[in-house]
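# Working through the structure, step by step
Each chain, written out:
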Amino acid sequence: VDSAPPRLAQELAGVVGAAHVLADPELTAGYETDLTGRFGGPASLVVRPGGAAEVAAVLAACVAARVPVVPQGGNSGLVGGGVPTGGEVVLSLARLDSLGPVDTAAGQLTVGAGATLGALQRHLSGSGWAFGVDHGGREVATLGGMAATNAGGANVLRHGSMRAQVAGMEAVLASSDVIRRMSGAIKDNAGLDLPGLLVGSEGTLGIITALRLRLVPALPATVTALAGVEDVRAALALLDQLRRAAPSLHAVELFHRDGLELVIRRRRLPDPLPRPFPVYVLIECAARQDPLDELAGALGGVVSEDDVVVAADTASRRALWEYREAHNEAINAEGIPHKLDVCLPLGELAPFLDELHARVREAAPVARTIVYGHLGDGNLHVNVLGPAPGDDAADEAVLRLTAEHGGSISAEHGIGVAKARWLHLSRGPGEIAVMAAIKRALDPAGVLNPGKLLPPTD
Ligand code: S2G
Ligand code: ZN
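If you're wondering where the values come from, they're calculated on a predicted model, not measured in any experiment.

The rules behind these values
- Residues numbered from 1 in each chain as written.
- Chains lettered and ligands numbered in written order.
- Predicted model: local features only at pLDDT ≥ 70, side-chain atom pairs only at ≥ 80, totals over all residues.
- Heavy atoms only, no water.
- Pairing = 2+ DSSP bridges.
- Helix = DSSP H or I, 4+ residues; strand = E, 2+ residues; numbered from the N terminus.
- Axes fitted to C-alpha atoms, helices over the stretch in contact; angles between N-to-C directions.
- Contact = heavy atoms within 4.5 Å.
- Buried < 20%, exposed > 50% of the residue type's maximum accessible area, 1.4 Å probe, protein only.
- Donors = N, O, S within 2.8 Å, 3.2 Å for Na, K, Ca; no water.

## A closer look at the sheet that holds strand β14 (residues 308-311)
Strand order in the open sheet formed by seven strands is β14-β11-β13-β12-β16-β17-β15, and the pairing between neighbours is antiparallel. Every interior strand has two partners, whereas the edge strands, β14 and β15 (338-343), have only one. Strand-to-strand twist of the sheet, defined as the mean angle between neighbouring strand axes without regard to direction, takes the value 15 degrees. Sheet analysis places strand β12 (residues 249-256) next to strand β13 (residues 279-287), joined by seven bridges and oriented antiparallel. From the neighbouring strand, Leu254 faces β13, where its bridge partner is Val281. Each of β15 and β17 (379-385) is contacted by helix α14 (residues 393-404), which is oriented at about 5 degrees to β15, the strand it contacts most.

Spelled out as structure tokens, the structure:
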């Protein structure tokens, strides 16, 4: 595949209008590096189609010209999956941001791939319905990108990942065929589940242009607590108690003192509890009726009164979430982090953490490792500060340790370019060969997001 010949720019302008074909580096810069600042490269063009038909025409022109395409939503990805490696056309879905009416009978709605999670949440407020996936990147992340990466976030333990919310999909394939399964029928076993195949495919099998999404009943009564505990084993004991005693559990997040201190400094916040703790657990319960008693009951006997603060009104709940959600910004302010997004079997979480810091320091003596994440899913965000962006010794050490403890090298962020060379730590050679065969079948010219997800074939 080659980089974009000038004729292609004219042809694409004929499809989307000259205003939506960007070549000026000033204008393309924002589409070329990702949030972490670690991945990306120069695009030959950025194209912003206005609808599915234009996406199909743009893709067809690029396939004909054998110029690779990087589909991009909000560019909030963390593994380099939505940015160029060098010379590709970035196909931005941002203009496909429609939000359809709430189908109250079905508890579903149709959205354009470029609609952001935050816009969807505001669109749903007052409807009695909510969306099951939420995460800190809500104002930038698009629903198409969240489906393409099977995003997770804080409420997976209650509602599942993005895969569980997708009731239908419209997507354009490299063959110019369009998958359109948007009826939202609850059961549809007619043939292979191609929409399901595209969820988590990171733009390598097709370009998602619209989604039919499942909604969950809005839960008006929400209560949030932040508890301090001595170590991760105490946090896991608390989680176990919560899962058995609080059916209204909606999120259980974990962070450590070192990450909290970065957040407190960065956001100039007061210490959330009367004294510092090694480990913090952020708990949210949501139900139709006030779940405070249920939560208090579950905490009783495990956490003493002075070690926990409880919030019920929106503002004070948001204030507690800020301690968790500001971790990414506070860490980014310290330097470019190496972000390992791993998922461990819950029984392996503590043994993994017992070894983590020593293993990272062995690989990178300068490293400072900050750990936080979704305790309820066994999903830790291991952020390593110190090593240069191109030095992945610490990354490899964390991912190998994860595999030694039976964990996955990617819980929710996907593989992109960041983790492709380590896919074998979580997937066998046979499975990777099948993934490559599927990729060849759907994208024989290798135009769709080359160099992403699948390991480089040396
Ligand atoms: C989180 C979001 C992004 C990041 O905070 O839960 O998944 O930077 C992350 O890790
Ligand atoms: Zn996360």
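Picking up after the structure, the text goes on.
## Details of the sheet that holds strand β7 (residues 166-172)
Within the open sheet, the four strands sit side by side as β5-β9-β7-β8. Their pairing is antiparallel. Bordering the open sheet on either side are β5 (108-112) and β8 (178-181), each of which pairs with just one other strand. For this sheet, the mean inter-axis angle between neighbouring strands, taken without regard to orientation, is 20 degrees. Where β7 meets strand β9 (residues 207-214), six bridges bridge the pair, whose relative direction is antiparallel. Bridging across to β9, Gly168 finds its partner in Arg212. Docked against the sheet, helix α3 (residues 52-65) engages β7 and β9, running at close to 45 degrees with respect to β7.

## Some thoughts on the environment of Val360
Mapped onto the elements, Val360 comes out in helix α13 (residues 346-363). On the basis of relative accessibility, which here comes to 1%, the residue Val360 falls in the buried class. C-alpha separation for the pair Val360 and Ala418, spaced 58 residues apart in sequence, amounts to 17 Å. Those residues in contact with Val360 that sit more than four places away from it in its chain are Ala367, Thr369, Val384, Ala394 and Val398.

## Details of the coordination of the zinc ion (ligand 2)
Each protein donor to the zinc ion (ligand 2) is listed here as His374 (NE2), His381 (NE2) and Glu412 (OE); together their distances run 1.8 to 2.1 Å. Read in sequence order, the donor residues coordinating the zinc ion (ligand 2) give the pattern H-x6-H-x30-E. Of this pair, His374 sits in strand β16 (residues 368-374) while Glu412 is found in the loop between α14 and α15 (429-442), placing the two residues 38 residues apart along the sequence. Across this residue pair, the class does not change: His374 and Glu412 are buried.

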